[in-house]
Amino acid sequence: MDKLRRVLSGRDENEEVGLTSQILDSTTLSFGTRVKWFVICFAGGVLCSILGTALLFLPKAGVKLFAVFYTLGNIAALSSTCFLMGPFKQLKRMFEPTRLIATIMMLLFLVLTLCAVFWWNKRGLAIIFCILQFLSMTWYSISYIPFAR
């Protein structure tokens, strides 16, 4: 059937397909696969966040582990939506004017949380940044709901 379609459309069988179309054809996922990986990635993110919260009460390294796992959980939950709409469309929508400030704040607090834990060694500041991370992630998520802004 494909051969008949190529002949009728005027494409030669030996015609080279462009690199872009080859990449798009090889990376296209079915809807079911996209939903499965979205659920897996999102559940992994939630699990990391819960694990980070449980590790908060460890004596010495608790705050560091909490900040790292909580941040990784938020990154995984954020990247899970890339499976639903694709990474380029996700980035385009993240930086639309209606949610630009929310995106910048969210990414800023993700980075600042890790900086507070690893470079500055300020545990209290890391917890504050985690709280701000939660609030900015909530604001970012709400920005996708029509008329919720």
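Residues numbered from 1 in each chain as written. Predicted model: local features only at pLDDT ≥ 70, side-chain atom pairs only at ≥ 80, totals over all residues. Heavy atoms only, no water.

The name recorded for the chain in an unreviewed UniProt entry is Vesicle transport protein, from Cyprinus carpio carpio. Looking at the chain in UniProt, the text filed under Function (unreviewed entry) is "May be involved in fusion of retrograde transport vesicles derived from an endocytic compartment with the Golgi complex." (UniProt positions renumbered as here; feature names shortened; annotations may be inferred.)

Chemist: Got a minute to help me understand the environment of Q90 in this structure?
Modeler: Mapped onto the elements, Q90 comes out in helix 5 (residues 87-94). With relative accessibility at 2%, the residue Q90 sits in the buried group. In this structure the C-alpha to C-alpha distance between Q90 and S79, which are 11 residues apart in sequence, comes to 8.8 Å. Residues contacting Q90, with those up to four places away along its chain left out, are L78, T81, C82, M85, Y140 and Y144. For Q90, the side chain forms a polar contact with the side chain of Y140, separated by 3.3 Å. (Helix = DSSP H or I, 4+ residues; strand = E, 2+ residues; numbered from the N terminus. Buried < 20%, exposed > 50% of the residue type's maximum accessible area, 1.4 Å probe, protein only. Contact = heavy atoms within 4.5 Å. Polar contact = N/O pair within 3.5 Å; in protein donor to acceptor, adjacent residues only side chain to side chain.)

Chemist: What is the right way to look at unusual backbone geometry in this model?
Modeler: In terms of backbone geometry, most residues other than glycine have negative phi values and most peptide bonds are trans. Phi at N121 is positive, roughly 55 degrees, even though this residue is not glycine. The topology assignment puts N121 in the loop between helix 6 (100-118) and helix 7 (123-142).

Chemist: I'm lost on the environment of I104 in this one. Help?
Modeler: Structurally, the position occupied by I104 is in helix 6. The sequence separation of I104 and M94 amounts to 10 residues, and the corresponding C-alpha distance is 9.2 Å.

Chemist: Would you mind going over the UniProt feature "transmembrane region" (unreviewed entry) in the chain with me for this structure?
Modeler: Within the UniProt annotation, "transmembrane region" (unreviewed entry) is assigned to residues 37-59, 65-88, 100-120 and 126-147. End C-alpha atoms of residues 100-120 are separated by 28 Å, and the span's content is 90% helix alongside 0% strand.

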